[in-house]
Every structure is written in structure tokens, then in C-alpha cells.
Amino acid sequence: MGVETPHIATIKISLNMVSTPFIAVTIVFVYIFSCLCVVSHSNGTFTSEKFSSALATWYGDETGAGSGGACGWQDDVKNPPLSSMIAAGNANIFLSGKGCGHCFEILCHQQPYCSAKPIKVTISDECPGACNNVPYHFDLSGFAFGAMAYPGKDHNLRQLGQVMVQYRRIPCNYRGTKIAFKVSEECNPYWFAVALEYADGDGGFGSVEIAPNGTKHFVSMDNIWGAVWKINIDPSFQAPFSFRLTSGHGKTRIANNVIPKKFAIGHKYFSNVNF
Ligand SMILES: *[C@@H]1O[C@H](CO)[C@@H](O)[C@H](O)[C@H]1NC(C)=O
């Protein structure tokens with residue numbers, strides 16, 4: 001944000017004062033500031049993201065956690081670090097599953113119920129069909145929708161059913177929680193899949209690679225849906241499994257031996273890394 005203001009101010013000055021050295025200095029300044037914008041973006045800080053308008057609704061129980069269904073996280077959404085602060089996104093937010101794990105700040109000014117304090121949510125599900133009648137639609141958990149209200153006004157706000165909100169992408173920050181791997185229920189000696197959760201920063205993954213037998217021989221996995229990545233294997237490809245993770249912004253982390261030799265399907269294993 002701090003970068004934007006001097007950038008604009010500099011351009012205004014250059015239009016009023018047309019001396020050549022001044023223009024030269026101005027061009028240098030504009031150049032430096034644009035570089036800073038680009039750098040802060042690629043670091044995943046999203047510092048220059050501005051608020052835009054979206055429609056917000058809620059689903060499930062009044063104070064419920066919503067769902068992790070379309071991202072592969074199931075009921076994990078109700079537990080920390082997500083703690084029910086999730087949203088289903090329409091096509092422009094869910095991005096065919098690439099939006100799973102992205103974090104947003106959402107701000108509601110609707111009076112007399114909204115506090116106008118931004119809430120933070122993670123995309124954990126898809127809102128298909130009619131949610132695409134507007135360009136950007138967040139279908140929040142009942143709990144998250146209520147969190148936009150003044151204390152004690154959450155029920156009144158939910159009664160409205162829908163409100164216009166302001167939103168912007170922010171870096172995810174799970175405050176020390178490490179990236180988790182939820183082993184698919186359908187795994188077998190020929191097919192292995194995991195859902196990835198709780199990535200800081202960008203929140204998504206550019207690539208996921210797996211190495212078998214406690215080795216560092218990494219092989220690419222495919223993002224088959226939501227936050228679920230799979231690999232076709234043969235029975236010699238055995239746990240413990242390590243992973244090489246690349247964030248949506250290109251940061252790389254190695255999570256050694258996250259999936260133990262005798263792992264349980266459906267179980268969630270924590271690594272000791274995050275972005
Ligand atoms: C993994 O280890 C098993 C048993 O030690 C071995 O038979 C198998 O070939 C190894 N597989 C790979 C992919 O290294």
C-alpha cells in the first residue's frame with residue numbers, strides 16, 4: 001500500500017513541471033517504485049491488492065463450519081487453524097480448484113449489522129451454478145458470515161441472506177501451523193493421493209513431487225481436483241514418503257518422511273515445513 005501513494009504523487013508532479021532533468025528523475029522514481037510493486041507481488045505479500053466488490057451469502061448451519069468438500073479437506077474446516085473461517089468461491093475464485101487455500105480479507109459495511117472490521121477466510125469449497133450470476137461470489141460458512149457482524153448482531157445479519165462486501169486477496173498466515181497431508185481414502189498399492197492443507201503465503205501449490213522409500217528421488221504428482229494431488233505407483237513405491245513442494249509463487253520446501261512407513265488412509269500427517 002505504502003508503495004502506491006508516492007508512485008501516483010510523482011506522476012502528478014511530472015505533469016506540472018516539465019523541465020527535462022525533473023522528468024528524468026521522475027522516470028527513475030517511477031521505475032524504482034514499479035519494481036518494488038512487482039517484487040512484493042512475487043514474494044506473495046499482495047501488498048498492492050486493493051479491495052473490490054463481491055456478493056456474500058452463507059450456507060450450512062447458522063453457526064456451522066461450512067465444508068472442505070471440493071478441496072478434499074472434508075471436516076478439517078471446523079478445526080484450527082481454519083476454525084470455520086472459510087468460504088466457497090464461485091468460478092472466478094475457486095479457479096477449478098487452484099483457488100483452494102487462497103486467503104481473502106472480507107469487509108462488510110451493511111448497516112446496522114456489519115462491524116466493517118475485515119474477516120479473514122480461506123477458500124475451502126466451490127460454489128457452483130447460481131453463484132456465477134455475479135463475477136465474484138463468496139458463499140461463507142454460517143460462522144464466518146456472522147463474524148462480519150457487530151457482537152450479538154450475527155443472527156440479524158444472517159437473516160439478510162446476502163450482502164455486498166469488499167474483498168481482497170491476502171497472504172495466508174497460519175501462525176506456525178505446518179503444511180499437512182491428508183491421505184486419500186482411496187489409496188492402494190497402485191495409486192496414492194493426498195490433499196494438502198494450511199500453506200502460508202500464496203496458499204496454493206505450483207507443483208508437488210513425492211519421493212518413496214525415504215529417498216530424495218522426487219517424482220511429479222498431478223493435481224486431480226481441489227487441493228488433491230495423485231501419483232500412479234507400483235507396489236515397490238513404498239512409504240515413508242517425502243515431498244518437494246513449490247508454492248504458487250515459486251518458493252520450494254522439502255518435507256522429509258511426512259508419510260510414515262505404516263500410514264493410515266484418511267489420516268492427516270503434519271510436515272515440519274511451511275512457506
Ligand atoms: C523400496 O524398498 C523396497 C524394499 O526395501 C524395494 O523392494 C523397492 O524396490 C524400493 N522401491 C523403490 C522405488 O526404490
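Residues numbered from 1 in each chain as written. Predicted model: local features only at pLDDT ≥ 70, side-chain atom pairs only at ≥ 80, totals over all residues.

Attention shifts here to the site of the ligand. The immediate surroundings of the ligand are formed by Pro212, Asn213, Ser236, Phe237 and Gln238. Taken together, the residues that form the shell around the ligand break down as two nonpolar, three polar and no charged. (Near = placed C-beta within 6 Å. Nonpolar A, V, L, I, M, F, W, Y, C, P; charged D, E, K, R; others polar.)

Time to look at the environment of Pro128. One can find Pro128 in the loop between β4 (119-126) and β5 (137-141). As for Pro128 and Ala91, which are separated by 37 residues in sequence, their C-alpha atoms are 7.1 Å apart. (Helix = DSSP H or I, 4+ residues; strand = E, 2+ residues; numbered from the N terminus.)

The sheet built from six strands closes into a barrel, its strands ordered β1-β5-β2-β4-β3-β6 with mixed pairing. On average, each strand axis in the sheet is inclined to that of its neighbour by 45°, with strand direction left out of account. (Pairing = 2+ DSSP bridges. Axes fitted to C-alpha atoms, helices over the stretch in contact; angles between N-to-C directions.)

Time to look at the sheet that holds strand β11 (residues 222-225). With antiparallel pairing, five strands are arranged side by side in an open sheet as β11-β12-β8-β7-β15. Strands with a single pairing partner mark the edges of an open sheet, and in this sheet they are β11 and β15 (268-270). Here the average twist between neighbouring strands, direction ignored, is 35°. For strand β7 (residues 180-183) and strand β8 (residues 191-197), the ladder comprises four bridges, and the chain directions are antiparallel.

By size, the foremost hydrophobic cluster in this structure holds 64 residues, and its most contacted members are Ala56, Ile106, Val121, Ala144 and Leu196. When residues in this core are grouped by element, the largest group, five residues, is from β8. Counting residues domain by domain, this core receives three or more from each of domain 2 (52-170) and domain 3 (180-270). With residues up to four places along the chain from it excluded, the contact list for Ala144 reads Ser84, Met85, Ile86, Ala87, Ile119 and Val121. (Core = buried A, V, L, I, M, F, W, Y, C linked by C-beta atoms within 7 Å. Buried ≥ 20, exposed ≤ 12 C-beta atoms within 10 Å, placed from the backbone. Domains from an automatic or database assignment. Contact = placed C-beta atoms within 7 Å.)

Once that is clear, we can look at the environment of Ala116. For Ala116, the location among the structural elements is in the loop between β3 (103-107) and β4. Linking Ala116 and Gln166, residues 50 residues apart in sequence, is a C-alpha distance of 9.6 Å. Once residues lying within four places of it in the same chain are set aside, the contact partners of Ala116 are Leu107, Cys108 and His109.

Turning to the pairing of strand β1 (residues 52-59), a few remarks are in order. Of the strand pairs in this sheet, β1 and strand β6 (residues 162-170) are connected by six bridges, and their pairing is antiparallel. Across the sheet, the residue bridging to Thr57 is Gln162, located in β6. Pairing between β1 and β5: five bridges, direction parallel. The residue of β5 that forms the bridge with Ala56 is Phe138.

All right, on to the confidence of the model for the protein chain then. Here the protein chain shows a mean pLDDT of 87. Residues at 70 or above account for 83%. This model gives residues 1-43 a pLDDT under 50, and the stretch forms 29 contacts once residues within four places in sequence are excluded. (pLDDT = per-residue confidence, 0-100.)

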